[in-house]
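For reference, the chains in residue letters:
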Amino acid sequence: MSGIQKAACIGGGVIGGAWAARFLLGGIDVAMYDPHPEAERIVGEVLANAERAYGLLTMAPLPPKGKLTFVKTIEEAVAGADWIQESVPERVDLKRNVITQIDAAADPKALIGSSTSGIMPTELQRDMKHPERMFVAHPYNPVYLLPLAELVGGQKTSPETLELAKERLAPIGMKGVILKKEIEAFVGDRLLEAVWREGLWLIQDDICDTETLDDVIRYSFGMRWAQMGMFETYRIAGGEAGMRHFIAQFGPCLSWPWTKLTDVVDLTDELVEKIASQSDAQSGAYGFRELERIRDENLVGIMQTLKASNGGKGWGSGKILADFEKHLWAQGGAKKEAPDLSQPLRLIDTKVSAAWVDYNGHMTEHRYLQVFGDTSDALLRLIGVDFAYVEAGHSYYTVETHIRHLGEAKLGNRLYATLQILSTDDKRIQYFSTIRNAETDEIVATAEQLMLHVDSKAGKSVAAPAEVLAKLKPIADAHATLPVPDGVGRSVGQKK
Ligand SMILES: NC(=O)C1=CN([C@@H]2O[C@H](COP(=O)(O)OP(=O)(O)OC[C@H]3O[C@@H](n4cnc5c(N)ncnc54)[C@H](O)[C@@H]3O)[C@@H](O)[C@H]2O)C=CC1
Ligand SMILES: C[N+](C)(C)CC(=O)CC(=O)[O-]
């Protein structure tokens, strides 16, 4: 995957700020131009929320954060950038002027994406000298979490540009979807606007208020849409007879008078006030950034669940997350220094996130196992048992775990985990992991575990190959000289 080396963001509001966060957390330096007097504060707040969300999203090693520079002109921003993202307000004249200015100053090979929600790229590239490298890269809010960018070319965009854009987005965890033709509002916003238009009528006509309308979405089809789209969902809704039956049954409803679809409600001051005050009653108890954080935690939870779906292969946005993590591990793993074998291996650094805390106000039981599991995975990667190894049909499975809870971990506590190998043979690894509070170094929990090397297709244990054992042996030999940790061999309820 050949990625972006340096990005420029022109416009740093809701979307430009979140693009910057996506780039920076992907390890890419960003030059930002936005004349707003508070641009630095606004982008800083978006970045803080994005960092918090990534901390919850993944244990994979993120690259060192890119450097963010605020500059005074478009020319300064685009200098040396190979991806330029325009995110200025949605006005054709303004966007066209800004894009023409970018075009004049940028390297002719740099890609120029526009965040526009609906303007055709042909309109935007009209006055450019190098229009072949300009396209729409329409993201979804929050750009740093939602992986999609609709890639739309105009009449003068080259097909190679769209393919290259797709390729460059992949290493930062994004999925570029190339549309076959340009159309106003692309695919996503055409669908969203149809739903929004109908929603506005339902409020205007006092059928429901904003809260009821949102409840209808989030308790029903909103949940479906997070994991399957419209057509896959309706295929299932057609029962055993599938899509043809679904269309035969529900297709005729489309011409019943259920909907006002193409009529646009008149957004009078009165209607705007009605919607705004209903929305205040619904969500006004939360501040804006607080609502963003709640949204981010929910999105993270959904993506993590989808990552575990489909027999662990990942599904939808969870598959994109799994692929992103593979990339991060491959990158981060390659840069790792040789481990210090003279002591237990420090393999995991993490933080207690809001989603990990239970009704007792501290880290809940199963998250300990998650940290210990991640520690085991880190050992496996160290000895060459990585994604490619597992995909090829072999792995290590955990067959026994004994966890002792010795301290408390509270929300936001930084933790680290070390691992000491106790014994090995060609099939088994017995080891002892310790989670400590990174600020106080106090032990929070320990786990003694046993893993077995398996042929996952045959479903039975087999000896690990020589190349894995060769990487394991020096660690096991070095750890055999360390004192046996306190707690090894303990059973439940046993006195010291
Ligand atoms: N807000 C959303 O949900 C989404 C917005 N978009 C698109 O992203 C673009 C930006 O929208 P938002 O971020 O929501 O707007 P915004 O109003 O939050 O941000 C626009 C930013 O552009 C800056 N700006 C104005 N003139 C400028 C110029 N000449 N050069 C550089 N910066 C300039 C403003 O100071 C402001 O910070 C629009 O094209 C919009 O359609 C796309 C997807 C979702
Ligand atoms: C409201 N909007 C048209 C700017 C929304 C988008 O373009 C995409 C999104 O994030 O919903």
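The rules behind the values
- Residues numbered from 1 in each chain as written.
- Chains lettered and ligands numbered in written order.
- Predicted model: local features only at pLDDT ≥ 70, side-chain atom pairs only at ≥ 80, totals over all residues.
- Heavy atoms only, no water.
- UniProt positions renumbered as here; feature names shortened; annotations may be inferred.
- Helix = DSSP H or I, 4+ residues; strand = E, 2+ residues; numbered from the N terminus.
- Buried < 20%, exposed > 50% of the residue type's maximum accessible area, 1.4 Å probe, protein only.
- Contact = heavy atoms within 4.5 Å.
- Areas by Shrake-Rupley, 256 points an atom, 1.4 Å probe, with all protein chains shown as cover.
- Patch = residues over 30% accessible without salt bridge, like charges linked within 9 Å, V, L, I, M, F, W, Y side chains within 5 Å.
- Salt bridge = Lys/Arg side-chain N within 4 Å of Asp/Glu carboxyl O.
- Lys, Arg positive; Asp, Glu negative; His and termini not counted.
- Charge placed at Lys NZ, Arg CZ, Asp CG, Glu CD.
- Phe/Tyr/Trp six-rings, centres within 6.5 Å; stacked < 30°, edge-to-face > 60°.
- Lys NZ or Arg CZ within 6 Å of the ring centre and 35° of its normal.
- Domains from an automatic or database assignment.
- Near = heavy atom within 4 Å.
- Pairing = 2+ DSSP bridges.
- Core = buried A, V, L, I, M, F, W, Y, C linked by side-chain atoms within 4.5 Å.
- Polar contact = N/O pair within 3.5 Å; in protein donor to acceptor, adjacent residues only side chain to side chain.
- Nonpolar A, V, L, I, M, F, W, Y, C, P; charged D, E, K, R; others polar.
- Axes fitted to C-alpha atoms, helices over the stretch in contact; angles between N-to-C directions.

Going by an unreviewed UniProt entry, the protein carries the name L-carnitine dehydrogenase and comes from Neorhizobium alkalisoli. Of the comments in the UniProt record for the protein, the one headed Pathway (unreviewed entry) reads "Amine and polyamine metabolism; carnitine metabolism."

*Asks:* Teacher, can you tell me more about the overall build of the protein here?
*Replies:* Across its full length, the protein carries 17 helices and 14 strands. The buried share of the protein, taken over its 496 residues, is 41%. Put simply, 70% of the contacts in the protein that link residues at least 6 apart link residues at least 24 apart. When the accessible surface of the protein is split by element, carbon and sulfur atoms take 56% of a total near 26200 Å².

*Asks:* Would you take a moment to explain a negative patch on the surface for this structure?
*Replies:* On the surface, a cluster of negative charge is made up of Asp-269, Glu-270, Glu-273 and Asp-280. Within the element layout of this structure, Asp-269 appears in helix H12 (residues 269-283).

*Asks:* It is not clear to me how the packing of aromatic side chains should be interpreted in this structure. Could you clarify?
*Replies:* Under the counting rule described, the total for this entry stands at five aromatic pairs. Where Tyr-234 meets Phe-246, the ring centres are 4.3 Å apart and the plane angle is 25°; that geometry is what we call stacked. One end of the pair, Tyr-234, is in helix H10 (residues 230-237); the other, Phe-246, is in helix H11 (residues 242-250), and 12 residues separate them in sequence. For Tyr-234, a relative accessible area of 30% gives the class partly exposed. On the basis of relative accessible area, Phe-246 is assigned to the buried category, the value being 11%. Cation over ring: Arg-346 sits above Tyr-416, and NZ or CZ is 3.7 Å from the ring centre.

*Asks:* What is the right way to look at the domain arrangement of the protein in this model?
*Replies:* The parts lose accessible area when they come together, and the size of an interface is often stated as this lost area. Under the domain assignment, the protein is made up of domain 1 (6-186), domain 2 (189-285) and domain 3 (338-479). A separation of 39 Å is found between the C-alpha centroids of domain 1 and domain 3.

*Asks:* Looking at this structure, I do not really get the site of ligand 2. What am I missing?
*Replies:* Surveying the vicinity of ligand 2 reveals the residues Ser-117, His-138, Pro-139, Tyr-140, Asn-141, Asp-189 and Leu-192. Counting only elements with at least two residues in the shell around ligand 2, the list comes to strand S6 (134-139) and helix H7 (188-204).

*Asks:* Sorry, what's going on with the pairing of strand S13 (residues 443-455) here?
*Replies:* It is a general feature of regular strands that their side chains alternate between the two faces of the sheet. Along S13, 12 of the 13 residues are buried, which leaves the element largely enclosed by surrounding structure. Where strand S10 (residues 394-405) and S13 come together, 11 bridges link them in antiparallel fashion. Paired with Thr-398 across the two strands is Met-451, which belongs to S13. The turn linking strand S12 (residues 428-437) back onto S13 is made up of five residues, and Asp-441 within it adopts a positive phi angle of 70°.

*Asks:* What is the right way to look at the nonpolar core in this model?
*Replies:* Within soluble globular proteins, side chains that are nonpolar generally end up buried alongside one another. With 43 residues, the main nonpolar core has Phe-23, Trp-83 and Tyr-144 as its most contacted residues. Of the residues forming this core, the biggest block, eight residues, is contributed by helix H2 (residues 39-57). In this structure, Phe-23 is in contact with Ile-4, Ala-7, Cys-9, Ile-28, Val-30, Trp-83, Gln-85 and Ile-172, ignoring residues within four places of it in sequence. Among the nonpolar cores identified, the runner-up in size contains 20 residues, and Ile-84, Val-98, Ile-102 and Ile-119 belong to it.

*Asks:* Can you help me understand the environment of Asp-189 in this one?
*Replies:* When you line up the elements, Asp-189 lands in helix H7. Residue class for Asp-189 comes out buried when judged on its relative accessible area of 12%. On a C-alpha basis, the gap between Asp-189 and Leu-25 in space is 27 Å, while along the polypeptide they are 164 residues apart. Here Asp-189 is in contact with Ser-117, His-138 and Tyr-140, once residues within four sequence places are set aside.

*Asks:* How do you make sense of the site of ligand 1 when you look at a structure like this?
*Replies:* Around ligand 1, the surrounding shell holds 23 residues, and the nearest of these are Ile-15, Asp-34, Glu-90, Lys-95 and Ser-117. Take Val-88: an N or O atom from its main chain is 3.4 Å from an oxygen atom of ligand 1. The separation between an oxygen atom of ligand 1 and a polar side-chain atom of Lys-95 is 2.7 Å. Every element with two or more residues in the shell around ligand 1 is listed here: helix H1 (14-25), helix H4 (92-105) and S6. At three residues, H4 tops the list of elements feeding residues into the shell around ligand 1. Split into classes, the residues belonging to the shell around ligand 1 amount to 10 nonpolar, 10 polar and three charged.

*Asks:* Explanation requested: the sheet that holds strand S4 (residues 83-86) in the structure shown.
*Replies:* By definition, the strands of a sheet pair up through backbone hydrogen bonds, in either a parallel or an antiparallel sense. Strands sit in the order S3-S2-S1-S4-S5-S6-S7-S8 across an open sheet of eight strands; the sheet is mixed. The open sheet is flanked by strand S3 (68-70) and strand S8 (175-178), the only strands paired with a single partner. When strand polarity is set aside, the average angle formed by the axes of neighbouring strands in this sheet is 25°. Sheet topology note: the S6/strand S7 (residues 148-153) ladder contains five bridges and is antiparallel. Of the residues in S7, the one forming a bridge with His-138 is Glu-150. Running over the sheet, H4 touches strand S1 (6-10), S4, strand S5 (111-114) and S6 and is turned about 165° from S4.

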